[in-house]
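Overview (structure and organization)
Each chain, letter by letter, is given below.
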Amino acid sequence: MPTQIIAIANQKGGVGKTTTAVTLGAGLAMTGHRTLIVDLDPQGHVAHMLNLPKAGSLRRWFYDGVPLEKEAVEVRDRLSVLRGDKSTDRVKGKIRDESYGEELFARGLVEDTSKFDIVILDMAPSLDVLHVAGLLAAKTVLIPTKLRFTDLDGVSEVIRSIQEVTRHGHTISHYVFLPTFFDRTTKETCVRLRELNQAFKGRVWPPIMQDVKAAEAPGHGQTLWEYAPGCSAVAGYTDTNGKRVGGYSDTLGRMISLVDGLGA
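Quick notes on the layout of surface pockets
Considered as a void within the structure, the largest pocket measures approximately 390 Å³ in volume. The wall of the largest pocket is formed by 25 residues, among which Val-15, Gly-16, Lys-17, Thr-19 and Phe-181 lie closest to the centre. When contributions to the lining of the largest pocket are tallied by element, the ones reaching two or more residues are helix 1 (17–30), helix 2 (45–49) and helix 10 (212–216). For the lining of the largest pocket, the element with the most residues is helix 1, which contributes three residues.

The structure is reproduced here in C-alpha cells:
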C-alpha cells in the first residue's frame, strides 16, 4: 500500500489538533501501521505531548538536507516523530524563497516518507506557505473543531484552503470533520453539532467527548491509549438506545477503513 498522508488541520487554535494527531498516530501504530507524525507547528507540541524535548528536526530535514530517517525518532513500536520547534520558521522562509516551494516541500515529504504506511501532519493554526504545502502533500484532511459558533469559522477557512489547492490541480481524496470537546449537557454544543451535520452531510464523524484525561495524559508521558483507554475521550458515550457513540476508538476505526480503501 502506498504511504497515506493525513493532514490534521484547522486555522483555529485550541480545537484538539495535536491531541488528535498524537492519539490517532499512536492508535494506528498499535494496530500495526508504521506511522510517522510530522509536527508542522513551530510551537512543537507533538514532542511535548510525548514527553520529548522539542527539536528542529523538520528544519534540519528540509532546510539543511539531513536525511529524514536520521531525524525521525521512534517513540513507540512502529510510531516515529519528526519534531518541530521555533526553527520551523526557517522552513517557511525556504518555501517562500524557492520557486514552487510548496510543491517542493510536498514532493519531498511524499518521497522521503515512503517507508511508512501512514504519515500524520499536525498543522499549525494559521494559513501560511507551510499550511498550503502540507495540504499539497495530503490526500486526506481531518478537521477537528470545537462546537462553538466562533470555532466553526475556522472550519470555513480550512474548506477555502482545500478548495484553493484543488483549483491548482491537487486532489484531496477525502476531508472529514471531527467534533471535539463535546459536552452533551451543554445546549450550544448539541445545536452546533446538528448544524455541522446539516451543512456537511456524510462528512462529520461522531464526536470526541470533553474529558480531563486528555489533558492529564501528556503530564504522565503517555498517550491516551496508555493512560486511560477506557475514558470517554477514547471510548465515547452511551446514547439513549444503549449504543456507544464517538471517541477516539471510533475515529481510529474509521480512519483505518478510509486509508485501507484509498490504498486498495
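Some details on the pairing of strand 1 (residues 4–8)
Of all five residues making up strand 1, five are buried, and the element is well covered by its neighbours. A two-sided burial pattern is seen for strand 1, the buried positions comprising Gln-4, Ile-6 and Ile-8 on one face and Ile-5 and Ala-7 on the other. Two elements, strand 1 and strand 5 (residues 118–122), share five bridges in a ladder whose sense is parallel. Within the sheet, the bridge partner assigned to Ile-8 lies in strand 5 and is Asp-122. As paired strands, strand 1 and strand 6 (residues 140–146) are joined by three bridges and run parallel to one another. Within strand 6, the residue paired with Ile-6 across the bridge is Thr-140.

A few points about unusual backbone geometry
For Arg-78, which is not glycine, the phi torsion reads 70 degrees and is therefore positive. Relative to the helices and strands, Arg-78 resides in the loop between strand 3 (73–76) and strand 4 (79–82). Assessed through its relative accessible area of 30%, Arg-78 is described here as partly exposed. Positive phi values are uncommon outside glycine, yet Tyr-100 reaches one of about 55 degrees. Take Tyr-100: it is sitting in the loop between helix 5 (88–97) and helix 6 (101–112). A relative accessible area of 66% means that Tyr-100 is categorised as exposed.

A look at the sheet that holds strand 4
The sheet built from seven strands is open, its strands ordered 3-4-2-5-1-6-7 with mixed pairing. Of all the strands in the sheet, just strand 3 and strand 7 (174–180) have a single pairing partner and so form its edges. The mean angle between the axes of side-by-side strands here comes to 25 degrees, regardless of whether they run parallel or antiparallel. Two strands pair when backbone bridges link them, and strand 2 (residues 35–39) and strand 5 are joined in this way by five bridges, in the parallel orientation. Note on strand 5: the bridge partner recorded for Asp-39 is Asp-122. Along the sheet, helix 8 (residues 149–167) makes contact with strand 6 and strand 7, crossing strand 6 at roughly 165 degrees.

The rules we used
Residues numbered from 1 in each chain as written. Predicted model: local features only at pLDDT ≥ 70, side-chain atom pairs only at ≥ 80, totals over all residues. Heavy atoms only, no water. 1 Å grid on protein atoms, 1.4 Å probe; cavity = no way out; pocket = protein on both sides within 12 Å on 5 of 7 lines; lining within 4 Å. Points joined across faces, edges and corners; volume = space filled by probe spheres on them. Helix = DSSP H or I, 4+ residues; strand = E, 2+ residues; numbered from the N terminus. Buried < 20%, exposed > 50% of the residue type's maximum accessible area, 1.4 Å probe, protein only. Pairing = 2+ DSSP bridges. Axes fitted to C-alpha atoms, helices over the stretch in contact; angles between N-to-C directions. Contact = heavy atoms within 4.5 Å.

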